[in-house]
Protein chains: 4
Amino acid sequence: MTIDANIASARLRVAELHAELVRNELVVWTGGNVSERVVGGDLMVIKPSGVAYDDLGPEDMILCTLDGQVVPNSIGSHRNPSSDTAAHAYVYRNMPDVGGVVHTHSTYAVAWSALGIPIPCCITAMADEFGGPIPIGPFAVIGDDSIGRGIVDTLRGHRSRAVLMANHGPFTIGTDARDAVKAAVMVEDVAKAMYVARQLGDPDPIPQESIDRLFARYQGVYGQPDAHTDRSVPTS
Amino acid sequence: MTIDANIASARLRVAELHAELVRNELVVWTGGNVSERVVGGDLMVIKPSGVAYDDLGPEDMILCTLDGQVVPNSIGSHRNPSSDTAAHAYVYRNMPDVGGVVHTHSTYAVAWSALGIPIPCCITAMADEFGGPIPIGPFAVIGDDSIGRGIVDTLRGHRSRAVLMANHGPFTIGTDARDAVKAAVMVEDVAKAMYVARQLGDPDPIPQESIDRLFARYQGVYGQPDAHTDRSVPTS
Amino acid sequence: MTIDANIASARLRVAELHAELVRNELVVWTGGNVSERVVGGDLMVIKPSGVAYDDLGPEDMILCTLDGQVVPNSIGSHRNPSSDTAAHAYVYRNMPDVGGVVHTHSTYAVAWSALGIPIPCCITAMADEFGGPIPIGPFAVIGDDSIGRGIVDTLRGHRSRAVLMANHGPFTIGTDARDAVKAAVMVEDVAKAMYVARQLGDPDPIPQESIDRLFARYQGVYGQPDAHTDRSVPTS
Amino acid sequence: MTIDANIASARLRVAELHAELVRNELVVWTGGNVSERVVGGDLMVIKPSGVAYDDLGPEDMILCTLDGQVVPNSIGSHRNPSSDTAAHAYVYRNMPDVGGVVHTHSTYAVAWSALGIPIPCCITAMADEFGGPIPIGPFAVIGDDSIGRGIVDTLRGHRSRAVLMANHGPFTIGTDARDAVKAAVMVEDVAKAMYVARQLGDPDPIPQESIDRLFARYQGVYGQPDAHTDRSVPTS
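Keep in mind that this is a model prediction, so the values were computed, not measured.

Quick look at the relation of the copies chain D and chain A
Put simply, the two copies of the chain differ by a rotation about an axis and a shift along that axis.
In step 1: Aligned on chain A, chain D shows an RMSD of 0.0 Å; the corresponding rotation is 90° and the shift along the axis is 0.0 Å. Given the turn and translation reported, the copies of this chain are related as if by a four-fold rotation axis. Across chain D, the rotation axis passes nearest the C-alpha of D:Gln199, at a separation of 5.3 Å.
In step 2: The fraction of interface residues of chain D whose copies in chain A are also interface residues is only 7%, indicating that the copies meet through different surfaces.

Shown next, in the form of C-alpha cells:
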C-alpha cells in the first residue's frame, strides 16, 4: 500500500475504535483518546481535542508527526489534536514496536491510579493478558514530555501493556490501535474485579510459575492462526 | 437573532440536553432538570415537572421569568415547571455569568452529599474540570429561596461549577446549558472514581501547585479554537 | 368503560410496564413481576411464570381473581401465572386502595433485604418519595399467604410504598401499576445511593420535621395538575 | 431429527446464546464461551477462539468431538475452537446429563473466585436457583484436564449448577446451553447482591430447611408445564 492508503486506513480504524471506548463504557463526554502509528511513515493519527464521540468520523482524525505536530494542510488539520498528543508521540518515538496507544479515565483504573499501588495479579485473566500486576507510573503533569517518559520508563521491558499513571489514569500500548484498545478494556475489567475482590477480603495471588505458564500460552496460542482474527473492528 | 429565535433555540438545546442526562445515566424516571438562560432577555427555559424523558420535545419546555414564574400564554405554559425552578431562577438572578443550570440525583454524587463532606481532589480530571475539591452546600428544604441561595453562596468565587447540596445532590452551573450538563456528567464521574479510591485506601491528594497548573491549562487550551466545538449537541 | 375494556387496558399497561423493569435494570432473565387491579371488577392482571421479557405482549398477561386463581377460558389462561401471584392477590384483597403491585430482585434492595435492616432516610429523594426509611418485612417462604401477609402487615398505615422482605427483596405498591413500578425504580435508586453513602462513612439522617415537609410537598404538588401526567407509559 | 439437523439447531442456539452473554454484561471483548452437546451424537458445538461477539453467526460455531477435537471438514473447522474446549469436553464426557456448559469472567463471580470462598446462601433467589451456596473449585491452569476435572469433581452430586474455579471465574452447567446461560446470568446476579450485602454488614443465612423447600418448589413448579417455555431464545 502507498503511504496515503496507510493513512486512510489508520484514520478509519482509529475512528471506529473510538466507538469501542464508548461501547465498553471507558469514557464519558469527550474524554479518552486512541492513536495509531501509520505504517511506513513517521506519522500517527489521533483524535481531535474536545469533540463529541458521536461526531468522530475518519476525516476528523488528525495526522501528526512523531514530534506531535499536526501535518500542515492534511485533512482535519484546522483542528487541535488531543491534548495528550505529546504523550502518544513520545511513546511512538521511543518504543518502535508500539503501533497503537490508548488513554482513558476509566473509573476503576483511575481509582487504583489515585492510590498509586499496582493492581495485584490474583486472577487468571490478568496473567493471560498482562503477565503479572499492572504497574504504576510516576505522577506527571501535562505540558512537557513527563507523561510520555513516565509511560515508556514503566512499560519498557515490562510484560504489561498497561500503566496506571499516578493520580491520573491508564495508558495502554499495543501492536496496533486495536490491540491497545483491547488492553484498555481489559485493564478496566481487571481493575474492577480486583477492587471487588479486595473489598471482600484478601485475595490469593497466583504463583509466579502459573502466571508465567498462563502468559506464555495466551500470547502464543489464543485466537486464530490468521493474525487478523482479533483485529476486525466490530460494527457497533 | 430576535428574542423569539433565542427562545426557540434554547427550547431545542434544553430538550436535547435532557436526553444527555438519560444517556449518561444521571437520572431515573422523571428526576433531574436542565435549564438555560435566554440570550437577550430576563428569561429562562426549563423542564416541566414529572414528565417522562421520552416525552420531552422543545415545545414541552417551559418559559419562565427570572422570578421563576411561567410566562403566560407561552408554549407549554399550561404545565407546571420543574419543582426546582425557584432554585434555578435564583442562580440566574444572582450569577449573571451563568447561562445554564443542571440538577440531578446521580448516585455517587448523592452519596457524598449524604455524608456532607467535599470530594477531595486526588485525580487530574478533577483538577482539570473543577480546579479542586467539589464543595458541599448547606442542607436546605425546597419551598423558598434557601436552595438557590445555598448554591450561589457556595459557588460564587469558587472554581468548581458543581456543588453537592447536603443530603440532596449535585447542582451544576455553566456558561450555557451544555456546559452545565458537562459538569453534571463529570461530577458523577469523579464522585464514583473517588468513592472507589477511598474504598481501596487513602488516595494521595494532588499538590495545590499542580492543581493550579492543570486547571489553568484545561480552561485555556483544551478543545478547539472555535468556542462552539464542545457545544454541538450529540445526536442520541 | 366496560369491564372488558378495563381488562384490555390493564393487559396493555402491565405488558408495557414489564419493559420498564428491564429498561431500569431491575430484573434479569425472567425474574420480577408487575400486576394491576382491574377497575370495576374483583380481578387482577399479572405476568406468566418464567417467560422471557422479550416475549411479553398484552395477550400473554394472565387474568386472575383476587384469590389468585386464573380465570378459566380467558386469554392466556393456558399458562401458569407468576409464582408470586398469591402474594399480589393477598395485597389486593387486604388493601383496597392499592391498584398495582411490583416485585423485583433488584440488586441493592436485595442486599439490604439480606441484612434485614431498614434503609435509613438520609437523602431528600427518599423523604419525597417514601416519607422516611424503607421498612423490612418478615422472612417468609413462598407457598402460602405468609409473603402477602408480611407485605400488608408492614405497609398498612406506613408512608412507604416499598417493603424489603427479609432475605428476599422489594415489593412495592401504588395507586396503579405505573405508580408501583415508579416505587420499584426509586427504591433501587435510593438503596444504591444509601449503600454508597454508608460505605463512605456515617451519613446524616434528615430531621423528622424536614422529612415531613418534603413528603407533604412532593405528594401534593409535584407533577402536573392533570393526574395522569406521570401515568403515560414511555415508549421504550 | 437427523444428526445433521441437530447439529444445525445447536449451532443456531449457541450463536444466539452468545448474544445473551453480551446483553447480560457477563463478558468483554472476546472473553467467555457457550457450548452445547449435540443430541444423538458424541459431539459438541462451541465458539471459536478470540473472535468478536458481533461476528458470531451459526456458521462460525465449531463442531468438536467429546475429546475436544475439531471435526475435520465440518463448517468452520478451519478455525481454532475456544481455548476452553478441553474443559467443556471433559464435562460432557463425565456428566452425561449435562447438555450445556458456559464459562465467563463476569466481574463479581470472578472476585469471589479470587477469594476462594463460597458465596453464602442468604437470599431466596439463590436457594431457588442453586439450592445453597455456590461452591469453589480448585486452582487449575489451562493446558490439561485439570479445569474440567475440577468442575466435575465439584459439581457432581451438588445442587449448584455453578462452580467458581479459584482465581479464575465461573463455569456453569445445564440441561442444555440455554439452561447453562441462565445459571451464568444468575450466578453473577447473586454474586453481586451478596457482595453488596457483605459490605453492608453480616447477612443472615437462610435456614437449611427453608433452602430445601425453596429449591424443591422452584425446580418443580416454576415456569410453564410446557418444558420449553424458558427455552425459547429471546430475540436480541
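Remarks on the relation of the copies chain B and chain A
In step 1: When chain B is fitted to chain A, the residual RMSD is 0.0 Å, and the transformation amounts to a turn of 90° plus an axial shift of 0.0 Å.
In step 2: Different-surface contact between copies: only 5% of interface residues of chain B are shared with the interface of chain A.

Digging into the packing of aromatic side chains
Residues and elements named next belong to chain C.
In step 1: This structure, assessed with the given rule, holds 4 aromatic pairs over all chains.
In step 2: Seen in terms of ring centroids, Tyr108 and Tyr195 are 5.5 Å apart; in terms of plane orientation they differ by 50°. Their pairing is tilted. Of this pair, Tyr108 sits in helix H3 (residues 107-115) while Tyr195 sits in helix H6 (residues 177-200), and the two are 87 residues apart along the sequence.
In step 3: Judged by its relative accessible area of 8%, Tyr108 falls in the buried class.

Digging into the sheet that holds strand S4 (residues 100-103) of chain C
Residues and elements named next belong to chain C.
In step 1: Read across the open sheet, the 7 strands follow the order S3-S2-S1-S4-S7-S6-S5; overall the sheet is mixed. Across the chains shown, the open sheet's two edge strands, defined by having one partner strand only, are strand S3 (62-65) and strand S5 (136-137).
In step 2: Each of strand S1 (33-37), strand S2 (43-46), S3 and S4 is contacted by helix H1 (residues 3-23), which is oriented at about 155° to S1, the strand it contacts most.

A short note on the packing of helix H2 (residues 85-94) of chain D against helix H5 (residues 146-155) of chain D
All names here are of chain D.
In step 1: Contact geometry for H2 and H5: axes closest at 7 Å, N-to-C directions at 45°. When the axis of H2 is compared with that of H5, the two are oblique. For H2 against H5, the interelement crossing comes out right-handed. Of H5, the residues touching H2 (which contributes Ala87, Tyr90, Val91 and Asn94) are Ile147, Gly148, Arg149, Ile151 and Val152.
In step 2: Residues belonging to the contact of H2 with H5 are distributed by class as follows: 6 nonpolar, 2 polar and 1 charged.

Details of the interface of chain B and chain A
In step 1: The interface is formed by 40 residues belonging to chain B together with 29 residues belonging to chain A.
In step 2: Taking both partners together, chain B and chain A bury about 3100 Å²; carbon and sulfur atoms supply 57% of that area.
In step 3: Counting the surface chain B buries against chain A, the share from its top three residues, B:Leu200, B:Tyr222 and B:Gln224, is 21%.
In step 4: For the pair chain B and chain A, the number of links is 1 salt bridge.
In step 5: Of the charged contacts, one joins B:Arg23 and A:Asp54 as a salt bridge, the two residues approaching to 2.8 Å between their closest N and O atoms.
In step 6: At the surface where chain B touches chain A, the tally comes to 6 residue pairs in polar contact (both at pLDDT 80 or more).
In step 7: With 13 residues, helix H6 (residues 177-200) of chain B is the largest single contributor of residues to the side of chain B that touches chain A.
In step 8: Its residues placed into classes, the side of chain B that touches chain A shows 19 nonpolar, 10 polar and 11 charged.

Let's talk about the sheet that holds strand S4 (residues 100-103) of chain B
Residues and elements named next belong to chain B.
In step 1: If you walk across this open sheet you meet the 7 strands as S3-S2-S1-S4-S7-S6-S5, and the pairing is mixed. Bordering the open sheet on either side are strand S3 (62-65) and strand S5 (136-137), each of which pairs with just one other strand.
In step 2: Pairing of strand S2 (residues 43-46) with S3, which is carried by 4 bridges, proceeds in the antiparallel orientation. The partner of Ile46 across the bridge, within S3, is Ile62.
In step 3: Strand contacts of helix H3 (residues 107-115): S5, strand S6 (162-165) and strand S7 (169-174), with the helix running at about 115° to S7, the strand carrying the most contacts.
In step 4: Its contacts with the sheet place helix H5 (residues 146-155) against S5, S6 and S7, and it is angled at close to 135° to S6.

Concerning the packing of helix H1 (residues 3-23) of chain B against H6(B)
Residue and element names in this part refer to chain B.
In step 1: One way to put it is that H1 packs onto H6 with a least axis distance of 10 Å and a crossing angle of 10°. The angle between the axes of H1 and H6 places the two elements in the roughly parallel class. Contacts between H1 and H6 pair Val14, Leu17, Glu20 and Leu21 from the former with Ala177, Arg178 and Val181 from the latter.
In step 2: The class makeup of the residues in the contact of H1 with H6 is 5 nonpolar, no polar and 2 charged.

Topic: the arrangement of the chains
In step 1: For chain A and chain C, which are not in contact, the least C-alpha distance works out to 11 Å.
In step 2: Contact between chain B and chain D is absent, and the least distance between their C-alpha atoms amounts to 11 Å.

Considering the interface of chain D and chain A
In step 1: Listed per partner, the contact involves 29 residues of chain D and 40 residues of chain A.
In step 2: Between chain D and chain A, roughly 3100 Å² of surface is buried when both sides are summed, and carbon and sulfur atoms account for 57% of that area.
In step 3: Counting the contacts that link chain D with chain A gives 1 salt bridge.
In step 4: Applying the counting rule to chain D against chain A returns 6 residue pairs in polar contact (both at pLDDT 80 or more).
In step 5: Mapped by element, the contributors of at least two residues to the side of chain D that touches chain A are helix H3 (107-115) and helix H6 (177-200) of chain D.
In step 6: With 7 residues, H3(D) is the largest single contributor of residues to the side of chain D that touches chain A.

Quick word on the environment of D:Tyr195
In step 1: The class for D:Tyr195 is buried, based on a relative accessible area of 4%.
In step 2: For the pair D:Tyr195 and D:Thr107, spaced 88 residues apart in sequence, the C-alpha to C-alpha distance is 11 Å.

Notes on the side chain of B:Ser74
Residue and element names in this part refer to chain B.
In step 1: Mapping Ser74 onto the fold places it in the loop between S3 and helix H2 (85-94).
In step 2: Classification of Ser74 as buried rests on a relative accessible area of 13%.
In step 3: Within the local environment of Ser74, its side chain forms a polar contact with the backbone oxygen of Val71, the two atoms lying 2.6 Å apart.
In step 4: With residues near it in sequence (within four places) discarded, Ser74 still touches Arg11 and Leu63.

Topic: helix H5 (residues 146-155) of chain C
Residues and elements named next belong to chain C.
In step 1: Within H5, 8 of the 10 residues are buried, which leaves the element mostly enclosed by the surrounding structure.
In step 2: Of all the residues in H5, the buried ones are Ser146, Ile147, Gly148, Gly150, Ile151, Val152, Thr154 and Leu155.
In step 3: Buried-residue contacts for H5 involve helix H2 (85-94), S5, strand S6 (162-165) and strand S7 (169-174).
In step 4: Backbone geometry just after H5 places Gly157 at a positive phi near 80°.

Concerning the pattern of salt bridges
In step 1: This structure, assessed with the given rule, holds 36 salt bridges over all chains.
In step 2: Note that C:Arg13 and C:Glu36 form a salt bridge whose closest N and O atoms lie 2.7 Å from each other. Of this pair, C:Arg13 sits in helix H1 while C:Glu36 sits in strand S1, and the two are 23 residues apart along the sequence.
In step 3: A relative accessible area of 30% places C:Arg13 in the partly exposed class.
In step 4: The residue D:Lys182 makes a salt bridge to D:Glu129 at a minimum N-O spacing of 3.4 Å. Of this pair, D:Lys182 sits in helix H6 while D:Glu129 sits in helix H4 (residues 124-130), and the two are 53 residues apart along the sequence.
In step 5: Judged by relative accessible area, which is 7%, D:Lys182 ranks as buried.
In step 6: Counted as one network, the salt bridges with shared partners bring together A:Glu129, A:Arg161, A:Asp179 and A:Lys182.

Digging into unusual backbone geometry
In step 1: Even without being a glycine, A:Trp29 presents a positive backbone phi close to 50°.
In step 2: Considering the arrangement of structural elements, one finds A:Trp29 in the loop between helix H1 (3-23) and strand S1 (33-37).

So, how was this worked out
Residues numbered from 1 in each chain as written. Chains lettered and ligands numbered in written order. Predicted model: local features only at pLDDT ≥ 70, side-chain atom pairs only at ≥ 80, totals over all residues. Heavy atoms only, no water. Least-squares fit on C-alpha atoms with pLDDT ≥ 70 in both. Contact = heavy atoms within 4.5 Å. Phe/Tyr/Trp six-rings, centres within 6.5 Å; stacked < 30°, edge-to-face > 60°. Helix = DSSP H or I, 4+ residues; strand = E, 2+ residues; numbered from the N terminus. Buried < 20%, exposed > 50% of the residue type's maximum accessible area, 1.4 Å probe, protein only. Pairing = 2+ DSSP bridges. Axes fitted to C-alpha atoms, helices over the stretch in contact; angles between N-to-C directions. Parallel < 35°, antiparallel > 145°, perpendicular 65-115°, else oblique. Left-handed = near helix turned anticlockwise from the far one by under 90°. Nonpolar A, V, L, I, M, F, W, Y, C, P; charged D, E, K, R; others polar. Buried area = accessible area lost by both parts, 1.4 Å probe. Salt bridge = Lys/Arg side-chain N within 4 Å of Asp/Glu carboxyl O. Polar contact = N/O pair within 3.5 Å; in protein donor to acceptor, adjacent residues only side chain to side chain.

Keep in mind these numbers describe shape, not what the thing actually does.
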